[in-house]
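So the chains spell out like this:
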Amino acid sequence: RRESAHSVKIVNSKFVNEHPEFQMKPFKVNSHHHQGIVSNDYENNLAPDLIPVAVSADKVVEAFVHKDMKIAGIQWHPEEWYDPFSLSMVEYLLS
């Protein structure tokens, strides 16, 4: 990515259902990365126990959680980007 930030949207998942304050509205994240999981079928392109949480407009899976365990993957740097969703993901991992 060449821009410093880009939009992602929350997709329906267990994590979002437990955090209704996000209501699937797009928000900005930083763009320091150059690799990612890209798929038109992102819900079925991750390992079976991983649930996509945030996806960019170009179908990059930006965040995921494990369906049962406290495991998460976040493509941007939530510790550097102070939006409510990023803070929530950090709190989720630290709790």
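The notes below deal with the structure included here. (Residues numbered from 1 in each chain as written. Predicted model: local features only at pLDDT ≥ 70, side-chain atom pairs only at ≥ 80, totals over all residues. Heavy atoms only, no water.)

What to know about the overall build of the protein
Just so we agree on the cut-off: Working definition: helices are DSSP H or I runs of at least four residues, strands are E runs of at least two. Numbering for both runs from the N terminus. The buried label applies to any residue whose accessible area, calculated with a 1.4 Å probe on protein chains only, is under 20% of its type's maximum; exposed applies above 50%, and partly exposed to all values in between. Any two residues having at least one pair of non-hydrogen atoms within 4.5 Å are treated as being in contact. Method for areas: the Shrake-Rupley scheme with a 1.4 Å probe, in which residue coverage is limited to the protein chains shown.
Within the protein, the regular secondary structure consists of two helices and six strands. Beginning at the N terminus, the succession of helices and strands in the protein can be written as β-α-β-β-β-β-β-α. Residues counted as buried form 41% of the 95 residues belonging to the protein. Within the protein, contacts between residues at least 6 apart in sequence are counted, and of these 46% link residues at least 24 apart. Of the roughly 5800 Å² that the protein leaves accessible, carbon and sulfur atoms contribute 52%.

What about the nonpolar core?
Put simply, the rule reads: Residues belong to a common nonpolar core when they are buried Ala, Val, Leu, Ile, Met, Phe, Trp, Tyr or Cys residues joined through side-chain atoms within 4.5 Å.
Formed by 13 residues in total, the largest nonpolar core has its most connected members in F27, A54, V65, W76 and F85. Listed by contribution, the elements that provide at least two residues to this core are β1 (5–10), β2 (27–30), β4 (50–56), β5 (60–66) and α2 (84–94).

What about the pattern of salt bridges?
Using the following cut-off: Any Lys or Arg side-chain nitrogen located within 4 Å of an Asp or Glu carboxyl oxygen qualifies as a salt bridge.
If you walk through the whole model with that rule in mind, you get one salt bridge. For the salt bridge of K67 with D49, the shortest nitrogen-to-oxygen distance reads 3.6 Å. One end of the pair, K67, is in the loop between β5 and β6 (72–74); the other, D49, is in the loop between β3 (37–38) and β4, with 18 residues separating them in the sequence. Its relative accessible area of 35% is what places K67 among the partly exposed residues.

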